[in-house]
Amino acid sequence: MQYFVQLLVTGLVLGSVYAMVALGFVLIYKSSSVINFAQGELVLIGAYMALWMTVSLHIPFLISFVLTLVFAVILGFAIERLFLRPMIGEPILSVIMLTIGLSAFLKGLVIILWGTETRVFPEIFSQEPVKLGFVRISQVYIWSLVLSIIFLVIFTLFFKYTDIGIAMRATADDQTAALSMGISVKRVFAMAWAVAAVVAAVGGILLGNINGINISVAQFGLRVFPVVILGGLDSVPGAIIGGFIIGIIENLASGYLDPYFGGGVREVASFVVLVIILMIKPYGLFGLERIERV
Amino acid sequence: MLVLNNIEVIYNQVILVLKGVSLEVPDGDIRALLGANGAGKTTTLKAISGLLKEEDGEVTDGSIEFNGERIDKKSAEEIVKLGIFQVMEGRRVFEHLTVEENLRAGAYTRKDKKNVKSDMEMVYSYFPRLRDLRNRVAGYLSGGEQQMLAIGRALMARPKLMLLDEPSLGLAPLLVKEIFEIIQKINKEEGVGILIVEQNAMAALNIASYGYIMENGRIVMDGPAEKLKENPDVKEFYLGLTEVGKKKSFREVKHYKRRKRWLT
Ligand SMILES: Nc1ncnc2c1ncn2[C@@H]1O[C@H](COP(=O)(O)OP(=O)(O)OP(=O)(O)O)[C@@H](O)[C@H]1O
Ligand SMILES: [Mg+2]
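This structure is a prediction, so every number in the text was calculated from the model and none was measured. (Residues numbered from 1 in each chain as written. Chains lettered and ligands numbered in written order. Predicted model: local features only at pLDDT ≥ 70, side-chain atom pairs only at ≥ 80, totals over all residues. Heavy atoms only, no water.)

A short note on helix α8 (residues 185–211) of chain A
All names here are of chain A.
At step 1: With 27 residues, α8 ought to run about 39 Å at 1.5 Å a step, and its terminal C-alpha atoms sit 39 Å apart, in line with that.
At step 2: The buried fraction of α8 is high, at 24 of 27 residues.
At step 3: Downstream of α8 by a residue or two, G212 has a phi angle that is positive, lying close to 85°. (Helix = DSSP H or I, 4+ residues; strand = E, 2+ residues; numbered from the N terminus. Expected span 1.5 Å × (residues − 1). Buried < 20%, exposed > 50% of the residue type's maximum accessible area, 1.4 Å probe, protein only.)

A few points about the packing of aromatic side chains
At step 1: For the structure shown, the criterion picks out 12 aromatic pairs over all chains.
At step 2: On the numbers, 6.4 Å between centres and 55° between planes, the contact of F83(A) with F105(A) is tilted. Residue F83(A) is located in helix α3 (residues 61–84), and its partner F105(A) is located in helix α4 (residues 92–114); the two are separated by 22 residues in the primary sequence.
At step 3: Among the residues examined, F83(A) registers a relative accessible area of 31% and is labelled partly exposed.
At step 4: Considering the side-chain rings of F158(A) and F159(A), the 5.3 Å spacing of their centres and the 65° angle between planes classify their relative orientation as edge-to-face. When sorted by exposure, F158(A) lands in the same class as F159(A), which is buried.
At step 5: What links up through ring pairs into an aromatic cluster is the set F61(A), F65(A), F121(A) and F151(A).
At step 6: Directly above the ring of Y210(B) sits R31(B), whose terminal nitrogen or CZ lies 4.2 Å from the centroid.
At step 7: The ring of F94(B) carries the charged tip of R153(B) above its face, separated from the ring centre by 4.8 Å. (Phe/Tyr/Trp six-rings, centres within 6.5 Å; stacked < 30°, edge-to-face > 60°. Lys NZ or Arg CZ within 6 Å of the ring centre and 35° of its normal.)

Side note on the coordination of the magnesium ion (ligand 2)
Residue and element names in this part refer to chain B.
At step 1: In the first shell of the magnesium ion (ligand 2), the protein supplies T42 (OG1) and E89 (OE), at 1.9 to 2.5 Å from the metal. A residue pair is termed long-range when its members are at least 10 positions apart, and T42 in helix α1 (residues 41–49) and E89 in the loop between β6 (84–87) and α3 (99–106) qualify at 47 residues.
At step 2: For E89, a relative accessible area of 32% gives the class partly exposed. (Donors = N, O, S within 2.8 Å, 3.2 Å for Na, K, Ca; no water.)

Some details on the site of ligand 1
Residues and elements named next belong to chain B.
At step 1: Around ligand 1, a shell composed of 16 residues is seen, among which N37, K41, T42, T43 and Q199 lie nearest.
At step 2: With respect to ligand 1, the side chain of Y11 contributes an N or O atom lying 3.4 Å from a nitrogen atom.
At step 3: Coverage of ligand 1 by the protein chains reaches 67% of its 630 Å² of free accessible surface.
At step 4: When residues of the shell around ligand 1 are traced back to their parent elements, those giving at least two are β2 (15–25) and α1.
At step 5: Tallying contributions element by element places α1 first for the shell around ligand 1, with three residues. (Near = heavy atom within 4 Å. Polar contact = N/O pair within 3.5 Å; in protein donor to acceptor, adjacent residues only side chain to side chain. Areas by Shrake-Rupley, 256 points an atom, 1.4 Å probe, with all protein chains shown as cover.)

Focus on the packing of helix α6 (residues 143–155) of chain B against helix α7 (residues 173–190) of chain B
All names here are of chain B.
At step 1: Close contact between α6 and α7 brings their axes to 11 Å; oriented N to C, the two are set at 10°. As the angle between them shows, α6 and α7 are arranged roughly parallel. Residue-level contacts link G144, Q147, M148, I151 and L155 of α6 to L175, E178, I179, I183 and I186 of α7.
At step 2: Tallied by class, the residues present in the contact of α6 with α7 amount to seven nonpolar, two polar and one charged. (Axes fitted to C-alpha atoms, helices over the stretch in contact; angles between N-to-C directions. Parallel < 35°, antiparallel > 145°, perpendicular 65-115°, else oblique. Contact = heavy atoms within 4.5 Å. Nonpolar A, V, L, I, M, F, W, Y, C, P; charged D, E, K, R; others polar.)

Spelled out as structure tokens, the structure:
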């Protein structure tokens, strides 16, 4: 039982990071129909940026955290402006190819700047476990969970209630109609990239605090695919809930089954669940149904 | 005042759709733009609102002026901010947003955000049904309710001029009557100028002071609404008051009566 709860909690933490990375992915897809293959590199860059500021520049963690978010906003805007905007109106396949190229480019950049070996954050959140009821959980997990939930709540409220949030959802629904409201669709795209970069950076920093980082963190971009497909490519709540579900399933499956299969269950489990769910709900758990009226 | 001066519109650099269209809409006036399918009515509205650019269309000749300012090179966003709002054909509400969120989207360009709440009340006073539906997802509203929402949403931008593209499309006659009465009321009470495109020519001419008839990318006739309603050719081809079996185009009619000067 204790083992189970332990797995559940670490699964939740992993899931919350998935949720954030998936949120960024869905945002970009929803507003501009672009599948962003560089999402994992945004995670990577966010993590390294914060690490670099904390370790090499000796900036207090909290400040480097905030500065990294600011940097992520700028990075998101820059990517949109430099790479995506010139592609507006081009075939969607070309745009997807572009994000694949972007992913290779950003990864290369990280290798040049920071090398490939694993680096760890100085201990910011204590690894010291605390006792919660009958289980002992390391504090860094609890902090990660709390932080990611705070971010998820902030962004959910942002989409629901702010003008730009409504504009983003409106654009996702009907781009031309949004344009006829005077909504700047370009600005919406830029916002989507900025938010995606921010949530990815937060995810990266949390991961870095838990496990340390190296170039393989970029794989998160691909591991988040089952999450978004499960949640429905165009659903923000779906991305969040899907993230938690996949995180927990991966952890439980690998915790219980790895001993029998000699490892590797984690990678397979989420796809198995994915296939089963898609057979029942083809648009994912929360995918927007096309509303059809005549 | 909106003035279109002999505009020409080309799609995809080759397809010439408007071949010299001139019309005007004085402040606070209702004017109708009528014509058969494919005449170029929607294209005319898009040329005004700037949405043409999204479809690779371009005003290649002539000019569009709003209150003395050239707007034919401006973006859709700038044009909304100048006070022209197009209600697109087919309603185009944001299906997954609630009624209230749709209204807020309409107010997106407003600088005076504090008045948004009271303007929502104004919209609900014109369309009381929307008030009851305000937390409902717009995609599930009936066609009539969606049309009300589309017009209400336009109102939220506090425009000086509204461009309505076939607001009667797909609505039952009784509802058409209701919506046209509200359009008229909005025009009177809010002083919004309206350029309305319609297949339902009678409904449009009943509320408009002046009408234009378009065919094949040209204005072929224009005049005060009352006179247009009396004109035998308009009656025959646009008001559906024709004897069955006659299938001449408006052009042909014009041809055999070519000596006659229209409406003078
Ligand atoms: N994006 C486009 N690209 C090329 N041609 C177009 C485009 N949009 C419209 N057209 C053409 O321009 C002509 C006028 O179209 P428009 O939509 O303005 O007509 P309309 O008068 O609004 O017709 P309806 O009453 O059917 O709505 C049509 O022949 C149409 O095929
Ligand atoms: Mg049309």
